[in-house]
Amino acid sequence: MKRFENYINGEWVKTNSSKYFKNISPADKNDIIGEFPISDSVDLDKAVDSAELAYKVWKNTPAPKRGDILRIAGDIFTRRKNELAKIMTREMGKPVFETEGDVQEAIDTCYYAGSETRRLFGHTVPSEMNNKFNMTVRTPIGICGIITAWNFPIAVPSWKIIPALAAGNTVVFKPSEDAPHSAIIFAEILEEAGLPKGVFNVVFGDGQIGNEIVNHPKIKLIGFTGSTETGKKIASKCGELNKKLSLEMGGKNPQIVMNDANLDTALDGVLWGAFGTTGQRCTATSRLILHKDIYDNFIIKLKDKAEALKLGDGLKSDTQMGPVINQKSIDKIEKYFTIAKQEGLTLITGGARTTDGDLANGNFILPTIYADVPESSRLFQEEIFGPVLVITKCNSLEDAINKANNCQYGLSSSIFTNDVRSSMIAMRELESGITYINAPTIGAEAHMPFGGIKGTGNGHREGGWTVFDIFTEWKTIYIDYSGSLQRAQIDNY
Ligand code: UN1
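All figures in this text were calculated on a predicted structure; none of them were measured in a lab.

Cut-offs used in this document
- Residues numbered from 1 in each chain as written.
- Predicted model: local features only at pLDDT ≥ 70, side-chain atom pairs only at ≥ 80, totals over all residues.
- Heavy atoms only, no water.
- Helix = DSSP H or I, 4+ residues; strand = E, 2+ residues; numbered from the N terminus.
- Buried < 20%, exposed > 50% of the residue type's maximum accessible area, 1.4 Å probe, protein only.
- Polar contact = N/O pair within 3.5 Å; in protein donor to acceptor, adjacent residues only side chain to side chain.
- Contact = heavy atoms within 4.5 Å.
- Near = heavy atom within 4 Å.
- Areas by Shrake-Rupley, 256 points an atom, 1.4 Å probe, with all protein chains shown as cover.
- Domains from an automatic or database assignment.
- Phe/Tyr/Trp six-rings, centres within 6.5 Å; stacked < 30°, edge-to-face > 60°.
- Lys NZ or Arg CZ within 6 Å of the ring centre and 35° of its normal.
- Patch = residues over 30% accessible without salt bridge, like charges linked within 9 Å, V, L, I, M, F, W, Y side chains within 5 Å.
- Salt bridge = Lys/Arg side-chain N within 4 Å of Asp/Glu carboxyl O.
- Pairing = 2+ DSSP bridges.
- Axes fitted to C-alpha atoms, helices over the stretch in contact; angles between N-to-C directions.

Here T456 shows up in the loop between β20 (453–454) and α15 (468–471). Of the residues examined, T456 reaches a relative accessible area of 0% and is grouped as buried. In terms of polar contacts, T456 uses its side chain to reach the backbone carbonyl oxygen of G250, at 2.8 Å. At a separation of 3.0 Å, a polar atom in the side chain of T456 contacts the main-chain amide nitrogen of G410.

What follows is the structure, encoded as structure tokens:
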């Protein structure tokens with residue numbers, strides 16, 4: 001079996017722990033991709049030391065020069081897109097057309113953040129005194145600890161790592177143990193692009209090493225994407241340590257369909273939003289709020305479409321929906337099937353695992369839909385992270401928005417309507433970081449701010465220009481060229 005190692009100071013370094021975990025394909029439990037290190041604190045110290053040394057040079061490398069390397073990384077991601085997509089699909093399951101999209105987000109991020117290095121604007125502001133000059137500049141923070149989930153094994157790490165590097169930080173990256181192979185390729189690509197040794201380091205492992213990263217005194221910032229449960233624990237630790245932290249956590253994203261909507265597009269939208277990536281997106285459409293006039297017919301059509309989805313190994317070209325990631329995920333989803341029974345919910349389709357034919361060795365769950373789901377249901381309120389959609393009826397726009405907002409999360413929301421008035425009100429009233437009009441809750445673009453409100457985040461936005469507010473500090477500079485002491489607020493008033 002192929003054994004992979006940590007990437008520290010530009011080298012592939014054996015773990016001090018001598019312990020490794022297996023990376024198993026979710027489509028076929030007999031397909032073992034390789035072994036990856038279970039890193040310990042000695043490994044982490046090595047990675048941090050190399051990132052610390054590299055920081056001294058990297059932070060003072062002209063930003064546009066840093067951008068040049070990131071743009072070359074974009075070229076290499078482009079060249080390796082198809083090969084990398086297959087590696088990602090094999091280890092995390094979503095079909096190749098989706099993993100290609102995932103790589104494309106990293107390509108877009110490399111080109112976008114690379115070019116932003118020529119535009120890391122500060123402000124110049126008039127001083128309140130003569131012969132004095134005031135300005136602000138962005139400065140890097142230091143070593144950033146990046147901890148990510150497996151569902152977007154290249155895109156989501158790239159949203160954090162590429163802007164962090166663009167801004168002059170160095171990085172210690174811990175990928176999810178469910179998608180470690182993608183991180184190997186990430187490191188290979190940055191190395192080939194010419195990133196200096198030690199600027200980017202990868203340590204593999206489980207929650208234990210994640211915890212060590214959060215606690216490490218030399219790591220100044222944590223960028224985390226994952227569950228709300230883990231994110232909250234990281235937040236309290238970072239609060240105690242006064243460490244900068246950007247969080248992307250759970251979602252329970254609503255799609256509203258009004259009676260004046262283009263129903264065919266709305267159907268395609270909900271199908272893609274709910275069952276794309278097997279529902280394993282923080283942006284997945286997991287609640288459908290349907291206007292009463294279209295309720296019954298829409299559900300009949302949606303049922304047919306969901307049942308027609310072709311499940312299978314994502315490496316096969318006709319697969320539309322892949323497996324869920326692992327046994328833990330199956331257990332969690334099945335727990336919600338039991339809760340649905342206890343709550344007496346109306347099952348429209350699915351509600352079970354399938355091991356039919358080719359699916360025998362994989363983690364396949366049928367696309368699942370429940371209707372007439374009350375707001376009080378745990379399935380309406382809690383993130384399941386699987387192909388499970390709950391449907392609720394609404395009587396009016398106001399009722400729909402109230403139902404959409406009745407949830408602890410606030411990442412993404414969507415409304416299908418052809419009424420300009422309804423769409424404007426929805427844009428204003430829906431409580432989420434991202435709102436789509438006539439599109440599902442998924443489909444964020446790399447150059448736009450990405451993040452959620454309420455239980456989803458802690459006020460930061462990745463993507464776009466706003467990501468630099470995570471990965472830089474502001475420095476305010478005053479230059480007094482008067483040749484004498486000028487006391488602000490005193491000598492000028
Ligand atoms: C995630 O689910 O963690 O908008 C990210 C989308 C994708 C990114 C999802 N571009 O659904």
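This next bit is on the environment of K174. Of note, K174 is situated in strand β8 (residues 170–174). Considered as a pair, K174 and S39 are 135 residues apart in the sequence and their alpha carbons are 9.8 Å apart. Sequence-distant contacts of K174, that is, excluding residues within four places in its chain, are made with I146, I147, T148, V203, G205, D206, I209, G210 and I213. Within the structure, K174 has its side chain in polar contact with the side chain of E177 (distance 3.4 Å). Within polar-contact distance, the side chain of K174 engages the backbone oxygen of G205 at 2.9 Å.

Turning next to the site of the ligand. With respect to spatial proximity, the complete set of residues near the ligand consists of E105, N151, F152, V156, W159, R281, C282, T283, I442, G443 and A444. R281 places a polar side-chain atom, nitrogen or oxygen, 2.7 Å from an oxygen atom of the ligand. With the chains in place, 98% of the 320 Å² that the ligand exposes on its own is no longer accessible. When residues of the shell around the ligand are sorted by domain, at least three fall in each of domain 1 (6–249 + 457–476) and domain 2 (253–437).

Remark: the centre distance and the inter-plane angle together describe each pair of aromatic rings, the angle taken between the planes. Taken as a whole, this structure holds 11 aromatic pairs when the rule is applied. Taken together, a centroid distance of 5.4 Å and an interplanar angle of 75 degrees make the contact between F77 and F186 edge-to-face. Of this pair, F77 sits in helix α2 (residues 63–79) while F186 sits in helix α6 (residues 180–193), and the two are 109 residues apart along the sequence. The exposure class of F186 is buried, given its relative accessible area of 0%. Three or more aromatic residues joined by ring pairs make a cluster, and in this case those are F4, F21, F36 and F204. The ring of Y20 has R3 sitting right over it, with the charged end atom 3.8 Å from the ring centre.

Right, let's get into a nonpolar patch on the surface. Among the surface-exposed residues, M1, I24 and I32 lie close enough to one another that they form a single nonpolar patch of about 260 Å² accessible area. Note on placement: I32 falls in strand β4 (residues 32–37). With relative accessibility at 32%, the residue I32 sits in the partly exposed group.

All right, on to the sheet that holds strand β19 (residues 434–437) then. Here seven strands make up an open sheet; going across it, the order is β14-β15-β16-β13-β12-β18-β19 and the pairing mixed. Each edge of the open sheet carries a strand with a single partner, namely β14 (346–349) and β19. Direction aside, neighbouring strands of the sheet carry axes that sit 20 degrees apart on average. Across five bridges, strand β12 (residues 253–257) lies against strand β13 (residues 285–291) in parallel orientation. From the neighbouring strand, N253 faces β13, where its bridge partner is T285. On top of the sheet, helix α13 (residues 397–405) reaches β12, β13, β16 (388–394) and β18 (412–416); it is set at about 145 degrees to β16, its chief contact.

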